[in-house]
Amino acid sequence: MSEEKSLNFIEEIISQDLASGKYASILTRFPPEPNGYLHIGHAKSICLNFGLSKQFGGGTNLRFDDTNPAKEDIEYVDSIKADVKWLGFDWVKECYASDYFDQLYAFAIKLIEKGVAYVDDSSAEEIAQQKGTPTVPGTGNAFRNRSIEENLTLFAAMKAGEYEDGAKVLRAKIDLASPNMHMRDPLLYRIKRAHHHRTGDDWCIYPMYDFAHGQSDAIENITHSICTLEFIPHRPLYEWGIEQLGIYPSKQYEFARLNMTYTVMSKRKLLQLVEEGHVESWDDPRMPTISGMRRRGYTSDSIRDFCERIGVAKRENIIDLSLLEFCVREHLNKIAQRRMVVTNPIKLVITNYDKGEEILHSENNPEDPNGGTREVPFSNELWIEREDFMEEPTKKYFRLGPGLSVRLKSAYIVTCESFEKDAAGNITTVFATYHSESKSGQDTSGIHVKGTLHWVSAKHAIPVELKEYDRLFSVEDLSNADGDFKDYINPNSLKSVAAYAEPALANDALEAHFQFLRKGYFYQDTNSTKGKLIFNRTVTLKDTWAKEQKK
RNA sequence: UGCCUGAUGGUGUAACGGUAGCACAACUGUUUUUGGUGCAGUUUGUCUUGGUUCGAAUCCAGGUCAGGCAACCA
């Protein structure tokens, strides 16, 4: 029982609400605007909302906050649904703010009838002017005193399409001198002729966020409406709407959004990266989008684990990318199939191997005793990594060099005898002898070596392409960097490299996650075909040797 | 200069008036047929000044710093 995890502040609130009998069960919602693809920041919100209802008993609605047709599209709706499902969550109801347009319109009429909403003919500039500034109170205008009848007529005419875009708005009549700018007669409806992805051209007036969100929550009987910190100043307005309308009293709570090092977390900026061609698409494996991470080879388990570990609080944060990488390595280490792939190859010739070739066996996953083995062909000509040979080895170098011995993974121990260079001085071939009694699993040689290398039999090797990704940006904290965020794009975020793979890879399942021994975790790209295998590097292995070398 | 949030090691997050803990990162050592994994360990912290109290990260007051708010965006 001492293992019991402490509750975050929202879990505290909910457990108290449940204990006090305020609610019998809870209903949360995840309310994206369908104007872009979901990213890892949304994953935090998804895990929070769906996780809460799972944890405390209840449900979560998926609600599209589609009140601005100019920016929204069905493509985004579809991708959002796919991403939420992939993350492993099911919604109770699929809702759309646009389904409530009639209801919302009726709510607006109710406010007009109560004398707390009015039609304003002012321009956007005039309204902004009249709102004052945070330190200077706003001033009213003549429209504010229109009669209820006139407002009713005008608002109906707005809906009927009698005015041009921008000619009139509906505003709440609250307090032009409020210290909270959002309470200075906020806009409720604007005229906007744009084709809506669901309601088509039925409407030419659309409700603003502040007259749609809380109302939608109330219509759905959401108990806990959880949003990010920037909506704190909207809360009084959220509550004002509920009170004036006398509708279900959903409660709004705010938490700090996720920020991560070396990336951006804003749909606007991500859209810019896509549109300006800095990345291929929304699901470019370098993007912090759910679809990009999925394509790169992240597992939903690891993303949920990450969201669990980062916690939920009210203070601003910036999470190390290394935590995300830790989470995905931890999961992939348990499930990934091990394979051998050589990138920058040099030939290793085993001079005393005269069997031609033989089939060896190697475990698919040492972490999984039931993972089985696969067949790996061995011969006297192998590819090994160029960096696994050193002409003049340094002290702590455990690999191949003149006179040095290593274990070839799942095969034999070999000893380097000599090597050849081309005219330019590059090593072309390394010659070695093998110890026949050192065969993996039945080693009676008594020889002990410190290094083990991966390898691929040259004549059996299949060519593949690897996409090695690095961080998208070159600075940790983009929010504190001067100038345009695009100035910090890492020009080396993608490297394509040709490689030789062991033949088993050609027959493996497309959806499998792999660990290419000593190189990292890889996942087949969506553009990969049987004839041309392409793998995305999800994440490297932890490399303490690389660190050692830097010293 | 108004209002609203917030401030605990490098980064996150706990401790709800009573031993500042956990994770990641970093660093040691150890194990290992992946310089991976596993295991053991080390380093580093309560923004500041007062007050209340036997006792304050926690309560109170002042200050400092950071973020948000003046879209017909959400």
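Read on for an overview of the structure. Keep in mind that what you see is a predicted model, and the values were worked out from it rather than measured. (Residues numbered from 1 in each chain as written. Chains lettered and ligands numbered in written order. Predicted model: local features only at pLDDT ≥ 70, side-chain atom pairs only at ≥ 80, totals over all residues. Heavy atoms only, no water.)

1. Points about the overall build of chain A
1) Next: For chain A, the helix and strand inventory stands at 13 helices and 25 strands.
2) Next: Taken over the C-alpha trace, chain A has a radius of gyration of 31 Å; the compact-globule value for 551 residues is 24 Å, which it surpasses by more than 25%.
3) Next: With the principal axes as the frame, chain A shows a C-alpha extent of 100 × 55 × 40 Å.
4) Next: When the 551 residues of chain A are sorted by exposure, 53% land in the buried category.
5) Next: A sequence separation of at least 24 residues applies to 70% of the contacts in chain A between residues at least 6 apart.
6) Next: For chain A, the exposed area adds up to about 25200 Å²; of that, 48% sits on carbon and sulfur atoms. (Helix = DSSP H or I, 4+ residues; strand = E, 2+ residues; numbered from the N terminus. Rg over C-alpha atoms; globule rule 2.2 N^0.38 Å. Buried < 20%, exposed > 50% of the residue type's maximum accessible area, 1.4 Å probe, protein only. Contact = heavy atoms within 4.5 Å. Areas by Shrake-Rupley, 256 points an atom, 1.4 Å probe, with all protein chains shown as cover.)

2. Thoughts on the protein's contact with RNA strand B
1) Next: By nearness alone, 69 residues border RNA strand B, and Glu12, Glu316, Arg338, Ser440 and Gln515 come closest of all.
2) Next: Close to the protein, within 4 Å, the atoms of RNA strand B are drawn from sugar and phosphate at a rate of 62%.
3) Next: Counting residues per element, the ones that place at least two in the surface near RNA strand B are α5 (124–130), β6 (187–191), α11 (300–310), α12 (321–335) and α13 (544–550).
4) Next: At four residues, α12 tops the list of elements feeding residues into the surface near RNA strand B.
5) Next: Counted by class, the surface near RNA strand B contains 25 nonpolar, 21 polar and 23 charged residues. (Near = heavy atom within 4 Å. Nonpolar A, V, L, I, M, F, W, Y, C, P; charged D, E, K, R; others polar.)

3. Things to note about the sheet that holds strand β24 (residues 520–524)
1) Next: Strand order in the open sheet formed by seven strands is β10-β23-β24-β25-β21-β22-β11, with mixed pairing between adjacent strands. In this open sheet, the two strands that pair with only one neighbour each are β10 (337–339) and β11 (341–342).
2) Next: Across three bridges, strand β21 (residues 462–469) lies against strand β25 (residues 534–540) in parallel orientation. The residue of β25 that forms the bridge with Glu465 is Ile534.
3) Next: Each of β10, β23 (513–516), β24 and β25 is contacted by α12, which is oriented at about 120 degrees to β25, the strand it contacts most. (Pairing = 2+ DSSP bridges. Axes fitted to C-alpha atoms, helices over the stretch in contact; angles between N-to-C directions.)

4. Digging into the environment of Ala177
1) Next: Mapped onto the elements of the fold, Ala177 is located in the loop between β5 (169–172) and β6.
2) Next: Taking relative accessible area as the criterion, Ala177 reaches 46% and is therefore assigned partly exposed.
3) Next: Spatially, the C-alpha atom of Ala177 lies 7.6 Å from that of Thr139, the residues being 38 residues apart in sequence.
4) Next: Dropping the residues within four chain positions of it, Ala177 is found in contact with Pro137, Gly138 and Arg184.

5. As for empty space enclosed by the protein
The rolling of a water-molecule-sized probe over the atoms marks out the regions of remaining empty space.
1) Next: Throughout the structure, instances matching the rule amount to two cavities of 30 Å³ or more.
2) Next: Its volume calculated, the largest cavity comes out at about 50 Å³.
3) Next: Tyr209, Asp210, His213, Gly214, His234, Leu237, Tyr238 and Gln252 are the residues that line the largest cavity.
4) Next: Of all the elements in the fold, those that place two or more residues in the lining of the largest cavity are α7 (213–219) and α8 (235–245).
5) Next: Broken down by class, the residue content of the lining of the largest cavity amounts to three nonpolar, four polar and one charged.
6) Next: By volume, the second largest cavity amounts to about 30 Å³. (1 Å grid on protein atoms, 1.4 Å probe; cavity = no way out; pocket = protein on both sides within 12 Å on 5 of 7 lines; lining within 4 Å. Points joined across faces, edges and corners; volume = space filled by probe spheres on them.)

6. Thoughts on the sheet that holds strand β1 (residues 26–30)
1) Next: What the three strands build is an open sheet, ordered β1-β2-β3; its pairing is parallel. Of all strands in the sheet, those bounded by a partner on one side alone are β1 and β3 (94–96). Each adjacent strand pair in this sheet contributes to an overall mean axis angle of 35 degrees, direction not counted.
2) Next: Alignment of β1 against strand β2 (residues 58–64), held across five bridges, turns out to be parallel. Within the sheet, the bridge partner assigned to Arg29 lies in β2 and is Asn61.
3) Next: In the packing of helix α3 (residues 74–86) onto the sheet, contacts are made with β1, β2 and β3, and the angle to β2 comes to roughly 155 degrees.

7. Side note on α8
1) Next: All of the buried residues along α8 are Leu237, Tyr238, Trp240, Gly241, Ile242, Gln244 and Leu245.
2) Next: Tucked into the core, α8 has its buried residues touching α4 (101–113), β5, α7, β8 (224–228) and β9 (251–255).
3) Next: Residue Gly246 follows α8 closely and has a positive phi angle near 65 degrees.

8. Details of the layout of surface pockets
1) Next: In this model, the largest pocket occupies a volume close to 1600 Å³.
2) Next: For the lining of the largest pocket, the secondary structure elements donating two or more residues are α12, β19 (452–453), β21, β22 (494–501), β25 and α13.
3) Next: In terms of residues, the lining of the largest pocket owes the most to one element, α13, which gives six residues.
4) Next: A per-class count over the lining of the largest pocket returns twelve nonpolar, eleven polar and 19 charged.

9. Details of the pairing of strand β13 (residues 357–363)
1) Next: Burial of β13 is one-sided: the residues Glu358, Leu360 and Ser362 facing one way are buried, the residues Glu357, Ile359, His361 and Glu363 facing the other way are not.
2) Next: Two strands pair when backbone bridges link them, and β13 and strand β14 (residues 373–379) are joined in this way by seven bridges, in the antiparallel orientation. Paired with His361 across the strands is Glu375, a residue of β14.

10. Structural notes on the packing of helix α2 (residues 40–56) against α11
1) Next: Two elements in contact, α2 and α11, have axes separated by 9 Å at closest approach and are oriented at 75 degrees. Relative to α11, the element α2 is oriented roughly perpendicular. Facing Ile40, Ala43, Lys44 and Cys47 of α2, the residues of α11 in contact are Ile303, Arg304, Phe306, Cys307 and Ile310. (Parallel < 35°, antiparallel > 145°, perpendicular 65-115°, else oblique.)

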